[in-house]
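# Topology and contacts: notes
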Amino acid sequence: MIYKFKEYTPVVHESSFVHPLAAVTGNVIIGKNCYIGPGAAIRGDWGQIILEDGVNVQENCTVHMFPGKSITLKESAHVGHGAIIHGANLGRNCLIGMNSVIMDDADIGDESIVGAMAFVKAETIIPKRSLVVGNPAKVVKEVSDEMITWKTKGTQLYQQLPADCHENLRQVEPLREVPENMKIQEGVYDTLRDFMKK
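Residues numbered from 1 in each chain as written. Predicted model: local features only at pLDDT ≥ 70, side-chain atom pairs only at ≥ 80, totals over all residues. Heavy atoms only, no water.

Bringing the sheet that holds strand S19 (residues 130–133) into the picture now. If you walk across this open sheet you meet the eight strands as S3-S5-S7-S10-S13-S16-S19-S20, and the pairing is mixed. The sheet terminates laterally at strand S3 (17–18) and strand S20 (138–142), the two strands that pair on one side only. Here strand S13 (residues 95–96) pairs with strand S16 (residues 113–114) via two bridges, running parallel. Residue Leu-95 lies in a different strand from S16, and its bridge partner there is Ile-113. (Pairing = 2+ DSSP bridges. Helix = DSSP H or I, 4+ residues; strand = E, 2+ residues; numbered from the N terminus.)

Going through the model one piece at a time under the given rule, you end up with two aromatic pairs. Consider the rings of Phe-17 and Tyr-35, whose centres lie 6.3 Å apart with planes at 15°: the pair is stacked. Of this pair, Phe-17 sits in strand S3 while Tyr-35 is found in strand S5 (residues 35–36), placing the two residues 18 residues apart along the sequence. Note on accessibility: Phe-17 and Tyr-35 belong to one class, buried. Take Tyr-35: its relative accessible area is 6%, and that puts it in the buried class. Ring pairing ties together the aromatic residues Phe-17, Tyr-35 and Tyr-158, which thus form one cluster. Positioned above the aromatic ring of Trp-46, the side-chain terminus of Arg-43 is 5.4 Å from the ring centre. (Phe/Tyr/Trp six-rings, centres within 6.5 Å; stacked < 30°, edge-to-face > 60°. Buried < 20%, exposed > 50% of the residue type's maximum accessible area, 1.4 Å probe, protein only. Lys NZ or Arg CZ within 6 Å of the ring centre and 35° of its normal.)

For Ser-15, the position within the fold is in the loop between strand S2 (11–12) and S3. Of the polar contacts made by the side chain of Ser-15, one reaches the side chain of His-13; its length is 2.8 Å. Side-chain polar atoms of Ser-15 contact the backbone nitrogen of Asn-33, separated by 2.9 Å. What Ser-15 contacts, discounting residues up to four positions off in sequence, is Lys-32, Asn-33, Pro-162 and His-166. (Polar contact = N/O pair within 3.5 Å; in protein donor to acceptor, adjacent residues only side chain to side chain. Contact = heavy atoms within 4.5 Å.)

Shown next as structure tokens:
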């Protein structure tokens, strides 16, 4: 759902997809080919939130901030399931792992990868191309070309997803039996382990 708050109405490019079970509120600007998953909450009630082109904010994520703060999720930033971005800026083509928490005034550098369940403390500056893990999160090494290639390919799937959702997603009543001709979806993406073996 899209909600106006005071004088602010969200701006969402027509190529992007906001799931009906997501909540986008107030001073939020969403660029091209962005995906906002069900259960996501992007609250621009106290400050501006900008999602540049190709950003995805997956299921059950929260993007918010303290009053008077504005934040940007730069082009192709990838926010994994259940992550919380609170008053932090995300660099271009970075990945925020599932259930991670990125706190106020943190800055995640371009092409960095934050591991699942990491806790990035307030005001932490993560240099570009850093691999970050732990609670509290620490830089453990530089992101390799191979890792960023894998990440970029995964994000490209999410950049195609808005068009796929506009074309194919429909609310329906469930089937009561499994059809005999039901197929399994084809694999179109390697896990990181598979990718690194190549």
